[in-house]
Amino acid sequence: MLWNTPESKFERLPLVHDTCVLSMDARIDNRDQLLEELDLPNRPISEIGDSEFILAAYQKWGEESPKYLLGDFTFAIWDSKKKQLFCARDHVGVKQFYYHLSDDLCLFGNDLKGLIKYPNISQEINDEAVASYIVKNELISNELTFFKTFKKLPPAHTLIITDSKVEKRSYWKLEDSPKVKLPHTAAYAEKLRELLEKSVLARIRSDYPITSHLSGGLDSSTIAVIAARKLKQKGYRLLAFNWLYEPTSQDDPTYYEWANSKIIAELEDIEHHYVPLSTTDLYDNMKKKSILYGNSAKFFYEYKVRFSAQQKGSRSILSGWGGDEFATYYGMPYYSDLFLQGAWTKLFQELKFMVLKKRQSIKSMLSFIYHRICVPLMPRKFYCKLPKIRCMEKPALGFIKKSFLPLVKKEFNKPSELTMQPHKTIKKDILVNWEYGYIQSRIESWATAAICDRVEYSYPLLDKRIIEFMYGVPSIYFVHENVGRYLFRVAVNDLLPKNIVWINNKSEPKRVDRLLSIMFRAYSSPFIIKKLSEISSDYIDSKKLMLALQRLQDHSTHISDRINIISEIESSLSLLFSLEYDN
């Protein structure tokens, strides 16, 4: 752990009390509530470490204790009286827990790179994990790692190990969240705003400067403004980064990708920085980064954000990741959901609004009804056969060695609830996105990469209180008059400039175009092609990959037509370089 919070300065780990020994990495957010319920040392709460709250909770509630904890945590407790090891990971999976079990050895920790170096531990690569990575361009799994000898404990799970058993249990499920019933829209918005304020406040509990993402979008702007105001009350200033290069003389600085974050920063006195990226940065990243230890997601800008945050003395980075799936969820199945509920009046009002106020033509309205109501209700097996439907494309797999192709194809053909077809209801869509694992994949990647920079990420929009609340909110509050993310917009209407609240554009064409151009130049460079001639692996055919890279130098094809191939090339290169780096 980073000893990031004021209370962490009083931590003495491992913590020993009675018959129990605890080690942990945690930030407990409901300390005031737990103080009333637990037998804790007779000291001011500001001098009681989070480890003492966790151990006291275990001694009172035993194996049910994680249910009563709020925050980001991973811990292990050796109970000599019960002769058992009890381990747990937080509800969302912000903190990591890796473990190895054999007949004569148990290893666990939150840093896979350190664990795998333990003497006489096999570093054999897990082919199933590699196949999954190739298909999805990152390792999305709640249990698999790239090593056969190590697994992950899934979020919201406990692990109990004794001489006679190994038992893994789920202690929380999103679908068990209670329904939320409030009198009107304003009451729901007020409750959401209250939860947002509490969530951000809990995550700026630090003895060091606080950093935040600030793209100018709805998610990051909300977090940054709340954090900036709360820090200002304490006499501190927020540091923020936008994943975009500083506008040049050829760029329009009033364009929203640049302007929105700058406006927020000026209004709230935030120390604002852009994040430049170059081909050299990509080279350096490829040389240093290994995907094998958990960092398989591709977010090149974030390396520079972490470095800059560290240089400023910051240990905490606030991210809006996870907002799209809960707090700022767009509500795509809204119309089919209304149809299934039999909410005909509401559905008619929404469609009528589109005709009268948005002046949609009959043709466009019929297309809307087809895609938003009819298509989600169709049996999933017929989806790809429907007219005017785009199905998930199979990866080209042109660089995969023939001997490994069967496992990759098997992985691609695995049934998945996450498809291109919209789900019938909002709750089903939220649940499927949650269970798929890509939310946790980015969290895991950033947590792994951040260890070296001595910083840690936190995700206010993935606070357990917020995701339970949003799952319990009736579906009619997600969209209003064809405006998605409606409830969140109402909740922050007085917090942000109106154009950011109501006219915000999610796309980032300037940033994406620049990134693709940099990737194209980097991956087709002589350095990379020469390096490929020296590398071999059991998974990627280096010669075929080298030919593909050479073809990228043909400038007759527009870069937008090469997005998919560049993405697959990047994944293949990352895998090859990681395997070589660790051998």
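It should be noted that the structure appears before, not after, this text.
The rules behind these values
Residues numbered from 1 in each chain as written. Predicted model: local features only at pLDDT ≥ 70, side-chain atom pairs only at ≥ 80, totals over all residues. Heavy atoms only, no water. Pairing = 2+ DSSP bridges. Helix = DSSP H or I, 4+ residues; strand = E, 2+ residues; numbered from the N terminus. Phe/Tyr/Trp six-rings, centres within 6.5 Å; stacked < 30°, edge-to-face > 60°. Buried < 20%, exposed > 50% of the residue type's maximum accessible area, 1.4 Å probe, protein only. Lys NZ or Arg CZ within 6 Å of the ring centre and 35° of its normal. Axes fitted to C-alpha atoms, helices over the stretch in contact; angles between N-to-C directions. Contact = heavy atoms within 4.5 Å. Salt bridge = Lys/Arg side-chain N within 4 Å of Asp/Glu carboxyl O. 1 Å grid on protein atoms, 1.4 Å probe; cavity = no way out; pocket = protein on both sides within 12 Å on 5 of 7 lines; lining within 4 Å. Points joined across faces, edges and corners; volume = space filled by probe spheres on them. Nonpolar A, V, L, I, M, F, W, Y, C, P; charged D, E, K, R; others polar.

Undergrad: Quick rundown of the sheet that holds strand β5 (residues 98-101)? Include the residues and the values.
TA: Across the sheet, three strands lie side by side as β6-β5-β7; this open sheet has antiparallel pairing. Lying at the two open borders of the sheet, with one neighbouring strand each, are β6 (106-109) and β7 (151-152). By the bridge criterion, four bridges tie β5 to β6 in an arrangement that is antiparallel. Within β6, the position partnered with Y99 by the bridge is F108.

Undergrad: Give me the lowdown on the pairing of β5, citing residues and values where you can.
TA: Taking the residues that link successive antiparallel strands as the turn, the β5-β6 hairpin has four residues. Bridge count between β5 and β7: two bridges; the pairing is antiparallel. Each bridged residue has a counterpart across the sheet, and for Y98 the counterpart in β7 is K152.

Undergrad: How would you sum up the packing of aromatic side chains? Please name residues and give values.
TA: The final tally for this structure, using the stated rule, is 28 aromatic pairs. On the numbers, 6.2 Å between centres and 70 degrees between planes, the contact of W321 with Y438 is edge-to-face. In this pair, W321 is assigned in the loop between β13 (316-318) and α10 (334-341) and Y438 in helix α15 (residues 438-453), connecting sequence segments 117 residues apart. With relative accessibility at 14%, the residue W321 sits in the buried group. In this structure an aromatic cluster arises from ring pairing among W243, F299, Y301, W446, Y457 and Y459. Above the face of the Y208 ring, R315 is positioned so that its terminal group lies 4.1 Å from the ring centre. For the cation-ring pair, K427 lies above Y471, with the distance from its terminal atom to the ring centre recorded as 5.5 Å.

Undergrad: Kindly report on the sheet that holds strand β3 (residues 71-79), identifying the contributing residues and their values.
TA: Whether parallel or antiparallel, the strands of a sheet pair through hydrogen bonds between backbone atoms. Spatially, six strands are ordered β1-β2-β3-β4-β8-β9 in an open sheet, and the strand pairing comes out antiparallel. The sheet terminates laterally at β1 (15-17) and β9 (166-170), the two strands that pair on one side only. Geometrically, the sheet is characterised by an average inter-axis angle of 15 degrees between neighbouring strands, direction not taken into account. Two strands pair when backbone bridges link them, and strand β2 (residues 20-28) and β3 are joined in this way by nine bridges, in the antiparallel orientation. In the sheet register, C20 faces β3, and the bridge partner there is D79. Contacts from helix α2 (residues 50-61) reach β1, β2, β3 and β4 (84-89), with the element oriented near 120 degrees to β2.

Undergrad: I'd like a description of the pattern of salt bridges, backed by residues and values.
TA: According to the stated counting rule, one finds 40 salt bridges in the structure shown. In this structure, the salt-bridge partner of R31 is D50, at a minimum N-O distance of 2.7 Å. In this pair, R31 is assigned in helix α1 (residues 31-37) and D50 in helix α2, connecting sequence segments 19 residues apart. Overall, R31 belongs to the buried group, its relative accessible area being 6%. Classification of D50 as buried rests on a relative accessible area of 3%. The partner of R43 in a salt bridge is E52, and the shortest N-O contact between them spans 2.7 Å. Salt bridges linked by common partners bring E7, R27, D29, R31, D50, D72, R203, R205, D463 and R465 together as one network.

Undergrad: Would you mind going over the layout of surface pockets in detail, with residue names and values included?
TA: Reported here for the second largest pocket is a volume of approximately 670 Å³. As for the second largest pocket, its lining consists of 23 residues, of which K288, K289, Y303, R306 and D453 are closest to the centre. If you list the elements that add at least two residues to the lining of the second largest pocket, you get α8 (279-288), α9 (301-311) and α15. Considered class by class, the residues forming the lining of the second largest pocket number ten nonpolar, four polar and nine charged.

Undergrad: Which residues make up empty space enclosed by the protein, and what values go with them?
TA: In total, this model carries seven cavities of 30 Å³ or more according to the counting rule given. One number sums up the size of the largest cavity: a volume of about 100 Å³. Around the largest cavity sit 14 residues that line it, and N4, A26, R27, K95 and E456 are the ones nearest its centre. The set of elements that each furnish at least two residues to the lining of the largest cavity consists of β2 and β14 (456-458). At three residues, β2 tops the list of elements feeding residues into the lining of the largest cavity.

Geometry only, nothing functional implied.
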